[in-house]
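# A closer look at the structure
Next come the chains, spelled out residue by residue.
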Amino acid sequence: MPSSHPSKRVLSGMRSTGKLHLGNYVGALQNWVRMQDQYACFFFIADWHALTTDYADPSKITENSIDVLLDWLAAGLDPERCTMFIQSHVPQHAELHLLFSMITPLGWLERVPTYKEQRENITEKDLGTYGFLGYPVLQAADILMYKADFVPVGEDQVAHVELTREIARRFNAFYPPRGVTGDGGGEEGARERTQVFPEPQALLTPAAKLPGTDGRKMSKSYGNTVLLTDPEPVVRQKLKTMVTDPARVRRSDPGNPDVCPVGDLHKIFSSKETMAKVNVGCRSAGIGCIECKSWVADTIVGLLLPMQERRKKYEDDPRLAWDILEAGSGAASKVADATMKDVRASMGMLLEYEPSPKADRAK
Ligand code: SF4
């Protein structure tokens, strides 16, 4: 749990995909590590979301969840400064998802851009399921459960936050707060709310173009990743085979770091001095690509080594990591319980029955 209590809440999650790669680090994790001192952060491992595409074989989901957590801890997420939990251990998410699914029009889900795109691109799995269509509703439940003020996302996820805002608005319009006693959420928690759910804002993560070794976007499904756990020789070997500016056929051909994937890596990871050497050396054919790649490999190895050292403690005793998830899930459950109290009260679906005065019942 966070030791200090910043007032604004952040919620974000990652699917249980197993070991993370540099793209995950640059695209999200690095930013999360910074945010844990600025906000009250809730970070969750989305094992139910993993099921929306991997339902046919869930046997690796728990191991994959642990691997994600180990990489979070390795990167610097600290259970003293943020709450880390696993989605399926806070079953209130499923209840809220169900209630939201009652009020979410089908058309809203069918027009989510990633839905159409993934249905077209992922052909090896049958994604014509109710769960896959409804996963943005589950995301809305994940976010609104914690009455998050901000959701850090990449450009492609902004539509999901917008859908979450629409669901919050629709819920608030149907069910004004009644006898709300639960958790009020972030900054406004101390004030009485006029609606159950605040509308979260997307916090756009600066999009760094992180290419994989084949020059396409780094992604597990392309097999072009550098993992946060890759040992130094593997990192160097992977970068050695990385594609470069096709104009540099011979050592004497000048190149252009702006069209070279290795140049993109330099822009993200290297110092200004190294970048200057790359710019001059590449454009004048003063350096070779092997040398240029070794410079970026030095920086990446330097970034990964301390992470790998931190990870080792938890790799040797994964129970420590599991305990962190359990404690985080307990803390998240308390907030979720409070939210569900608000939700049930506003819908008039209380768990305990209190008869209304006879005169009212007669109306
Ligand atoms: S010198 Fe570096 S930036 Fe230039 S083409 Fe080779 S690898 Fe790419």
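Residues numbered from 1 in each chain as written. Predicted model: local features only at pLDDT ≥ 70, side-chain atom pairs only at ≥ 80, totals over all residues. Heavy atoms only, no water.

## Focus on the nonpolar core
The tendency in soluble globular proteins is for nonpolar side chains to be buried side by side. Defined as follows: Among buried residues, those of type Ala, Val, Leu, Ile, Met, Phe, Trp, Tyr and Cys that are joined through side-chain atoms within 4.5 Å constitute a nonpolar core. Burial classes follow relative accessibility: with a 1.4 Å probe on protein chains only, a residue under 20% of its type's maximum area counts as buried, one over 50% as exposed, and anything between as partly exposed. Strands here are runs of E lasting at least two residues and helices are runs of H or I lasting at least four, both read from the DSSP assignment and numbered beginning at the N terminus. Whether two residues are in contact is decided by their heavy atoms, any of which lying within 4.5 Å being enough.
Ranked by size, the top nonpolar core spans 54 residues in total, and within it Leu 29 and Trp 72 carry the most contacts. Broken down by element, the residue count for this core peaks at 9 residues, all from helix 13 (residues 289-316). If sequence neighbours within four positions are ignored, Leu 29 has contacts with Met 14, Leu 20, Asn 24, Asp 71, Trp 72, Ala 75, Leu 77 and Leu 228. With 41 residues, the next largest nonpolar core counts Tyr 135, Val 137, Ile 143 and Leu 163 among its residues.

## Quick notes on the side chain of Asp 253
To keep things clear, this is the line we draw: Pairs of N or O atoms within 3.5 Å make up the polar contacts considered here, provided that, within protein, one atom can donate a hydrogen while the other can accept it, and that residues adjacent in sequence are counted only when both atoms are side-chain atoms.
Turning to its location among the elements, Asp 253 is positioned in the loop between helix 10 (232-240) and helix 11 (261-269). Since its relative accessible area comes to 13%, Asp 253 is described here as buried. One polar contact links the side chain of Asp 253 to the main-chain amide nitrogen of Val 249, over a distance of 3.1 Å. Of note is the side chain of Asp 253, whose polar atom sits 2.7 Å from the backbone nitrogen of Arg 250. Not counting residues within four places of it along the chain, the set of residues in contact with Asp 253 comprises Ala 247, Arg 248 and Ala 285.

## Considering the site of the ligand
Stated formally: We call a residue near a molecule or strand as soon as one heavy atom of that residue lies within 4 Å of the molecule or strand. Definitions used for this entry: grid spacing 1 Å over protein atoms alone; cavity, a set of points where a 1.4 Å probe fits but cannot get out; pocket, an open set with protein on both sides within 12 Å along at least 5 of 7 lines; lining residue, one with an atom within 4 Å of a point. By definition, a pocket or cavity contains a molecule when more than half of the molecule's atoms lie within 2 Å of the pocket's grid points. Polar here means any residue outside two lists: the nonpolar Ala, Val, Leu, Ile, Met, Phe, Trp, Tyr, Cys and Pro, and the charged Asp, Glu, Lys and Arg; Gly therefore counts as polar.
Contacts to the ligand come from Thr 244, Asp 245, Arg 248, Pro 257, Cys 260, Val 262, Cys 282, Cys 289 and Cys 292. Counting atoms within 2 Å of the grid points, the majority share of the ligand lands in the largest cavity. Of the residues belonging to the shell around the ligand, the class tally is 6 nonpolar, 1 polar and 2 charged.

## Things to note about the pattern of salt bridges
Definition in use: Salt bridge, as applied in this entry: a Lys or Arg side-chain nitrogen positioned within 4 Å of an Asp or Glu carboxyl oxygen.
The full count for this structure, using the stated rule, is 23 salt bridges. Residue Arg 283 is joined to Asp 258 by a salt bridge in which the shortest nitrogen-to-oxygen separation is 3.3 Å. On the criterion of sequence distance, the pair formed by Arg 283 in helix 12 (residues 272-283) and Asp 258 in the loop between helix 10 and helix 11 is long-range, its members being 25 residues apart. One salt bridge connects Asp 316 with Lys 312, and the closest N-O pair in it is separated by 3.1 Å.

On their own, these measurements won't tell you what the molecule is for.
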